[in-house]
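# Coordinates in review
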Amino acid sequence: MRPVFFIPLALFLFFAGLAGYMLTQDKDQMVPSGMIDKPLPEFSLPPAVDGLPGAARANFLGGKPKLLNVWASWCLPCIAEAPQLEALKDQGVEIIGIAIRDKPADVANFLNRYGNPYTRIGADDISQLQIEIGAAGVPETFVIDGEGNIRYQHIGDIRAEDVPELLKILQDVE
């Protein structure tokens, strides 16, 4: 048998081995923001719902650290983190929400069903701010210091065990 007939078999075994190797490797599916320790970009978003003001970079300046929570009413993990956001609010944390690609009626319905921990909610209808701050999905939460710098990024829903860590980070950047 001529060796040229083994080339397709060798290629198949190479790619099958490579695929098997890649499937067995641990991978980090979290995409951290490149904006950590950088200033929030300039933005001004209209209100996402009646009764609450919109959000702007200026809301993060000259005061205590705040949380910027990127969320959406259509996001199931956002429902799961709602009690933790309420717990943070009850601890005196100011939370400013950014509603991604949402409708005002859906935002209002979400807040009525799961609580409203926000002092403001800006409507990011085209995900521009979401992209600019390096948020890859919803929910994501950022700790913003009193000078408007992004100090920490929490990817995914906030769970009960995350609340003490977030409180410590907020205290550390104060």
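Residues numbered from 1 in each chain as written. Predicted model: local features only at pLDDT ≥ 70, side-chain atom pairs only at ≥ 80, totals over all residues. Heavy atoms only, no water.

## Here's the deal with the state of the cysteines
Inclusion rule: The rule for a disulfide is simple: a pair of cysteine sulfur atoms within 2.5 Å. Exposed residues in this analysis have more than 50% of their type's maximum accessible area, buried residues have under 20%, and partly exposed residues fall in between, with area computed by a 1.4 Å probe over protein chains only.
Summed over the entire model, instances satisfying the criterion amount to one disulfide. Disulfide pairing is shown between Cys75 and Cys78; the S-S distance is 2.4 Å. In this structure the cystine formed by Cys75 and Cys78 twists about its S-S bond by roughly 85°; its chirality is therefore right-handed. Residue class for Cys75 comes out buried when judged on its relative accessible area of 3%. Residue classification places Cys78 among the buried residues on the basis of a relative accessible area of 3%.

## Here's the deal with the layout of surface pockets
Operational definition: For each structure, a 1 Å grid was placed over the protein atoms alone; sets of points admitting a 1.4 Å probe that cannot get out are labelled cavities, open sets with protein on both sides within 12 Å along at least five of seven lines are labelled pockets, and lining residues have an atom within 4 Å of a point. Grid points are joined across faces, edges and corners, and a volume is the space filled by probe spheres set on the points. Secondary structure is summarised from DSSP: a helix means a run of H or I of at least four residues, a strand means a run of E of at least two, and numbering begins at the N terminus for each. Side-chain classes follow a simple rule in which Ala, Val, Leu, Ile, Met, Phe, Trp, Tyr, Cys and Pro form the nonpolar group, Asp, Glu, Lys and Arg form the charged group, and the remainder, Gly included, forms the polar group.
Of the volumes computed, that of the largest pocket is approximately 210 Å³. Taken together, Gly63, Lys64, Pro65, Lys66, Gln91, Gly92, Val93, Glu94, Leu167, Leu170, Gln171 and Glu174 form the lining of the largest pocket. It is helix H5 (residues 163-172) that provides the largest number of residues to the lining of the largest pocket, a total of three residues. Split into classes, the residues belonging to the lining of the largest pocket amount to four nonpolar, four polar and four charged.

## Side note on the side chain of Gln130
Here is the rule we go by: Should any heavy atoms of two residues lie within 4.5 Å, those residues are counted as being in contact.
Relative to the elements of secondary structure, Gln130 occurs in helix H4 (residues 128-132). Look past the residues within four positions of Gln130 in its chain and what remains in contact with it is Val70, Ile100, Asp124, Ala135, Ala136, Gly137 and Val138.

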